[in-house]
Protein chains: 2
Amino acid sequence: MPNESEFLAEYDARSYAPVAVTVDVVALTIRDGQLCVLLVERAEHPFAGRRALPGGFVRVDEGPDEAALRELGEETGLRPGEGALQRVHLEQLRTYGKPGRDPRMRVFSIAYLAFAPELPDPRAGSDASDALWVPIASARKLAFDHDTILADGLDRARSKLEYTPLATAFVDDEFTIAELRQVYAAVWGEDLHAGNFHRKVLSVPGFVESTGHTAARGGERGGPKPKLYRAGDAKLLHPALLRREDDVR
Amino acid sequence: MPNESEFLAEYDARSYAPVAVTVDVVALTIRDGQLCVLLVERAEHPFAGRRALPGGFVRVDEGPDEAALRELGEETGLRPGEGALQRVHLEQLRTYGKPGRDPRMRVFSIAYLAFAPELPDPRAGSDASDALWVPIASARKLAFDHDTILADGLDRARSKLEYTPLATAFVDDEFTIAELRQVYAAVWGEDLHAGNFHRKVLSVPGFVESTGHTAARGGERGGPKPKLYRAGDAKLLHPALLRREDDVR
DNA sequence: TTAGTTGTTCTCAGCATGAGTAATTCTGTT
DNA sequence: AACAGAATTACTCATGCTGAGAACAACTAA
């Protein structure tokens, strides 16, 4: 059996194949009741002028998770550890690595999915000035294979709402049941029965807990002052909040 | 704006960081009612003598999916396109890339999950002679971070049985309801109520379809000759076949 | 004040589930 | 040849969850 140093030598030889590993982030938020994704306009070749998911190289000293959070912070203009950025939920989606997906060289892209409450517009004049929130209906013809990545991310987001309390990542710390319902409506693209949703949310253990507070005022067009809730400690919803069969398609 | 060739030059400079991309496969099958995973014994440094998930480098001319299928074929001794290997279901699990997870260099490993019907033992004397099926209870202390990858794979497999017809990937082309039930029992590690399972499987549209045939003989210890079914065309089970809440934990 | 909207709670029928029972058909053994 | 044990399949029944609709009160905008 060869010794360890011989193996390391063989390794180094193989490793010099020109391979890059990047992260791309599908960052979702809800603005004005619409599900939106964070996109950047590419200034560089290839696909200059086209929109793309924010992303970049994974540095030698960081893991993919850290790289994704860093990229998200850079593009939104929020500092890591800064308020709103701490509330985002980040999870790995999947990795895309077919030969030819980047015309420059072999690139493996680890895609991430981020759920954020309503964030401020990326700061003008900063590095992030080219980033913007785009309603998903308008997010088409993206650079590289980012259309596919976005579609996969939306699929994942829609099904995660069913069996996890992730909808709470889209709203503020204190929220009303109606706000939570609007998250489901925006992500699933369908209206939900207000009464049944109310009953369901309150009956699933650990989904939400009461704050005892009441909102300062009712809805814009009327209605009583709703009660306020915060996220519970459940990681999984039991029983789940399932979509209607026709919508799953 | 710089032109494209200037960008390509900048790219080449960055790309020579010593980075490798591999695939690792969590291949599951059921043998004698036990859920088993395919493992190889490492002959080389590091972790020589320890067991590990089968895997290897993604070649320059292939995508990650192809690489995973090729590795699985090499380790099981089955040729691609050869009978049993065509029936395996293969899906990407997630990518592991924390610095230091491989002591030699920076390695990103794209993990795959494979579901296979009972496969023959890897051929002795072939390249795959060091591979073997191990009951998951005995698959511990694996090389690298493969314990984590295996655990993630099992989580995924268990929850996929709930809402997809993937259990049919563990059985032969024609199977009985009882065989299907034993798949669930083995993967979830709990016994299921035979009557309710029967009713449920037949009531979910597209899960199984009748072949009209009947098994040649009853169970080993008695019982009538069961009817035979084949997998239906559903990709998702509606309504899902949910685990009891206590088991999800 | 009025009209319209919304939060919240009920009611009710339908469906799915978990648990148990029973008829029937086998296999292996006495 | 008979028997015991076991497995498939089909039931029943009580319970709980769901979707749909209705009711009521609280509130906003006009």
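Given the structure is predicted, the values throughout are model-derived calculations rather than measurements.

## Brief notes about the domain arrangement of chain A
Residue and element names in this part refer to chain A. Taken domain by domain, chain A consists of domain 1 (18-144) and domain 2 (162-248). Placing the centre of domain 1 and that of domain 2 at their C-alpha centroids yields a distance of 27 Å. Contacts between domain 1 and domain 2 engage twelve residues on the former and ten residues on the latter. Summing the contributions of domain 1 and of domain 2, the shared interface buries around 870 Å²; its carbon and sulfur component is 69%. Between the two partners, domain 1 and domain 2, sit zero residue pairs in polar contact (both at pLDDT 80 or more). A per-element tally of the side of domain 1 that touches domain 2 places strand E1 (residues 19-31) first, with three residues. Among the residues making up the side of domain 1 that touches domain 2, the classes are represented as six nonpolar, three polar and three charged.

## Description of the protein's contact with DNA strand C
In the neighbourhood of DNA strand C, 25 residues make up the surrounding shell, with Arg221, Pro224 and Lys227 of chain A together with Lys200 and Gly223 of chain B lying closest. Contact between DNA strand C and Arg221 of chain A: a phosphate oxygen at 2.8 Å from a side-chain N or O atom of the residue. For DNA strand C, a base oxygen lies 3.3 Å from a polar atom in the backbone of Pro224 of chain B. Listed by contribution, the elements that provide at least two residues to the surface near DNA strand C are helix H5 (177-188) and helix H6 (194-203) of chain A together with helix H6 (194-203) of chain B. Among the elements that make up the surface near DNA strand C, the one with the highest residue count is H6 of chain A (four residues).

## A closer look at helix H5 (residues 177-188) of chain B
All names here are of chain B. In a regular helix each residue adds 1.5 Å, so twelve residues correspond to 16 Å; H5 covers 16 Å between its end C-alpha atoms and thus fits that length. Looking at H5, one finds that the buried residues are Ile177, Leu180, Val183, Tyr184, Ala185, Ala186, Val187 and Trp188. Of the surrounding secondary structure, the elements contacted by the buried residues of H5 are strand E1 (19-31), strand E2 (34-41), helix H4 (146-163), H6, strand E8 (208-214) and strand E9 (227-231). Phi turns positive one or two residues past the end of H5, at Gly189, with a value near 70 degrees.

## Concerning the side chain of Asp24 of chain B
All names here are of chain B. For Asp24, the position within the fold is in strand E1. Buried charged residue Asp24 carries no salt bridge. Nearest counter-charge: Arg101, at 4.2 Å. Of note is the side chain of Asp24, whose polar atom sits 3.4 Å from the side chain of His146. Once residues lying within four places of it in the same chain are set aside, the contact partners of Asp24 are Leu53, Pro54, Gly55, Arg101, Ser109, Ile110, Ala111, Tyr112, His146 and Ile149.

## Here's the deal with unusual backbone geometry
Omega for the bond connecting His45 of chain A with Pro46 of chain A falls within 30 degrees of zero, at -10 degrees, which places this linkage in the cis form. For the bond from His238 of chain A to Pro239 of chain A, the omega torsion is 0 degrees, close enough to zero to count as cis. Following the sequence through the fold, Pro239 of chain A ends up in the loop between strand E9 (227-231) and helix H7 (245-248). With phi around 55 degrees, Asp32 of chain B is a residue other than glycine that occupies positive phi space. Here Asp32 of chain B falls in the exposed class, since its relative accessible area comes to 76%.

Conventions and cut-offs
- Residues numbered from 1 in each chain as written.
- Chains lettered and ligands numbered in written order.
- Predicted model: local features only at pLDDT ≥ 70, side-chain atom pairs only at ≥ 80, totals over all residues.
- Heavy atoms only, no water.
- Domains from an automatic or database assignment.
- Contact = heavy atoms within 4.5 Å.
- Buried area = accessible area lost by both parts, 1.4 Å probe.
- Polar contact = N/O pair within 3.5 Å; in protein donor to acceptor, adjacent residues only side chain to side chain.
- Helix = DSSP H or I, 4+ residues; strand = E, 2+ residues; numbered from the N terminus.
- Nonpolar A, V, L, I, M, F, W, Y, C, P; charged D, E, K, R; others polar.
- Near = heavy atom within 4 Å.
- Expected span 1.5 Å × (residues − 1).
- Buried < 20%, exposed > 50% of the residue type's maximum accessible area, 1.4 Å probe, protein only.
- Lys, Arg positive; Asp, Glu negative; His and termini not counted.
- Salt bridge = Lys/Arg side-chain N within 4 Å of Asp/Glu carboxyl O.

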